[in-house]
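# Understanding the architecture of this molecule
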Amino acid sequence: MSGHSKWANIQHRKGRQDEKRGKLFTKAAKEIIIAAKGGGDPAGNSRLRAAIAAAKAINLPKDKIEAAIRKGTGEDAGGDLTEGFYEGYGPGGIALMVEVATDNKNRTVADIRHLFSKHGGSLGENGSVGWMFDRKGVISIDRNAYDEEKMMELALDCGADDVIDDEDAWTIQTSMEDFAAVRDALESKGVVMESANLAMVPQNLVAVDAAVAEKVMRLMEALDDNDDVQNVYSNADFPEDMPED
């Protein structure tokens, strides 16, 4: 199981998704804005199509989706966002990749550096941990929608590289180059996707004990709570029996 997926599952069990609905809306709208820079028509923009699908999955209102598209295409003000990554180490030497979408790089890097320091980590230089991760397409599908044999058959027929059982979901991985084609192929077969996006997938996971895991999770949660942060990835292999708050 990927460290990011397990962390997301733990967050869900703690009820953080409901607590953070407003922030989830903001992140979804930012992804639409950035995606729409490549064209405002979802039919010809696979990233925008995926962003809209993800936004609908969390019930982002239609008017907010449309407003985000207009910002991205430049029809409305507010679309001046830059995306990028910050890299660093968390407690226990765990590698972290922080994906951001910001209108003020100086503010963002200062905030990210402060959060790393506050939670026992350190912000690194570009490339310091990026070599430990691969940019891949990651598609999540309800675990109860298909049995393993059918899911594997569908994914491979559509050109995916792998299918991983992530407890509550099937996680399909693709190369970055094949992501859009695989997503479109699954969509054409009527497969309902809970999420579909490009992500930083660790090449190897590092096992951590419960004490270190709690510290890493506090840092990841603090980073994720920052308004400029879209996603946080780590190479931590969290224990299965993480306590719930």
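Structure's up top.
As the structure is a computational prediction, the values presented were derived from the model and not from experiment. (Residues numbered from 1 in each chain as written. Predicted model: local features only at pLDDT ≥ 70, side-chain atom pairs only at ≥ 80, totals over all residues. Heavy atoms only, no water.)

## Quick word on the overall build of the protein
Looking only at helices and strands, the protein features 9 helices and 10 strands. Residue burial in the protein is summarised as follows: out of 245 residues, 46% are buried. Total accessible area on the protein stands at roughly 11,700 Å², and carbon and sulfur atoms take up 47% of it. (Helix = DSSP H or I, 4+ residues; strand = E, 2+ residues; numbered from the N terminus. Buried < 20%, exposed > 50% of the residue type's maximum accessible area, 1.4 Å probe, protein only. Areas by Shrake-Rupley, 256 points an atom, 1.4 Å probe, with all protein chains shown as cover.)

## What to know about the nonpolar core
Within the largest apolar cluster, 20 residues are counted, with the highest numbers of intra-cluster contacts made by L96, V98, I112, F116, L223 and F238. Counting only elements with at least two residues in this core, the list comes to β2 (95-102), α6 (105-118), α9 (210-225) and β9 (229-234). Among the elements that make up this core, the one with the highest residue count is α9 (7 residues). For I112, the residues in contact, after removing those within four places along its chain, are Y86, V98, L123, L223 and V229. (Core = buried A, V, L, I, M, F, W, Y, C linked by side-chain atoms within 4.5 Å. Contact = heavy atoms within 4.5 Å.)

## With respect to the sheet that holds strand β6 (residues 169-175)
On the basis of which strands lie adjacent, the open sheet formed by 4 strands has the order β5-β6-β4-β7 and antiparallel pairing. Of all the strands in the sheet, just β5 (162-165) and β7 (195-202) have a single pairing partner and so form its edges. Between one strand and the next, the sheet's axes are offset by a mean angle of 35°, whatever the strand orientation. The sheet contact formed by β5 and β6 spans 4 bridges and is antiparallel. Bridged to V163 within β6 is I172. Together, β4 (133-142), β6 and β7 form the strand contacts of helix α8 (residues 179-188), whose direction differs from that of β4 by roughly 10°. (Pairing = 2+ DSSP bridges. Axes fitted to C-alpha atoms, helices over the stretch in contact; angles between N-to-C directions.)

## Observations concerning empty space enclosed by the protein
Overall, the coordinates contain 1 cavity of 30 Å³ or more when judged by the stated rule. By volume, the largest cavity is sized at about 40 Å³. As for the largest cavity, its lining consists of K23, T26, K27, D224, D225, N226, D227 and V229. Where the lining of the largest cavity is concerned, the elements lending two or more residues are α3 (21-36) and α9. In terms of residues, the lining of the largest cavity owes the most to one element, α3, which gives 3 residues. Grouping the constituent residues of the lining of the largest cavity by class yields 1 nonpolar, 2 polar and 5 charged. (1 Å grid on protein atoms, 1.4 Å probe; cavity = no way out; pocket = protein on both sides within 12 Å on 5 of 7 lines; lining within 4 Å. Points joined across faces, edges and corners; volume = space filled by probe spheres on them. Nonpolar A, V, L, I, M, F, W, Y, C, P; charged D, E, K, R; others polar.)

## Let's talk about α9
Spanning 16 residues, α9 covers 22 Å between terminal C-alpha atoms, matching the ideal 22 Å at 1.5 Å per step. Of the positions making up α9, those classed as buried are A213, E214, V216, M217, L219, M220, E221, A222, L223 and D224. The N-cap residue of α9 is D209: its side-chain oxygen and the backbone nitrogen of A211 are 3.2 Å apart. (Expected span 1.5 Å × (residues − 1). Polar contact = N/O pair within 3.5 Å; in protein donor to acceptor, adjacent residues only side chain to side chain.)

## Overview of the sheet that holds strand β3 (residues 122-123)
Overall, antiparallel pairing links the 4 strands, which are arranged β3-β1-β2-β9 in an open sheet. Edge strands, defined here as strands with exactly one partner in the open sheet, are β3 and β9. Examined bridge by bridge, strand β1 (residues 82-89) and β3 share 2 bridges and lie antiparallel to one another. Looking at the pairing, Y89 lines up with S122 of β3.

## Focus: unusual backbone geometry
Phi is positive for N59, which is not a glycine, with a value near 65°. Take N59: it is sitting in the loop between α4 (46-57) and α5 (62-73).

## Quick look at the pattern of salt bridges
Tallying each qualifying case throughout the model produces 13 salt bridges. Salt bridges linked by common partners bring K30, D103, R107 and D228 together as one network. (Salt bridge = Lys/Arg side-chain N within 4 Å of Asp/Glu carboxyl O.)

## Observations concerning the environment of P42
Secondary-structure assignment places P42 in the loop between α3 and α4. Among the residues examined, P42 registers a relative accessible area of 26% and is labelled partly exposed. In the structure, P42 is positioned 27 residues away from I69 in sequence and 9.7 Å away in space, judged by C-alpha atoms. Contacts of P42, omitting those with residues within four sequence positions, involve L48, R49 and I52.

## Observations regarding the pairing of β4
On a regular strand, each side chain points to the face opposite its neighbour's, so the side chains alternate between the two faces of the sheet. Here 8 bridges tie β4 to β7, and the two strands are oriented antiparallel to one another. In the strand pairing of β7, I139 is matched with A196. Pairing between β4 and β6: 7 bridges, direction antiparallel. Bridge pairing in β6 places S140 opposite T171.

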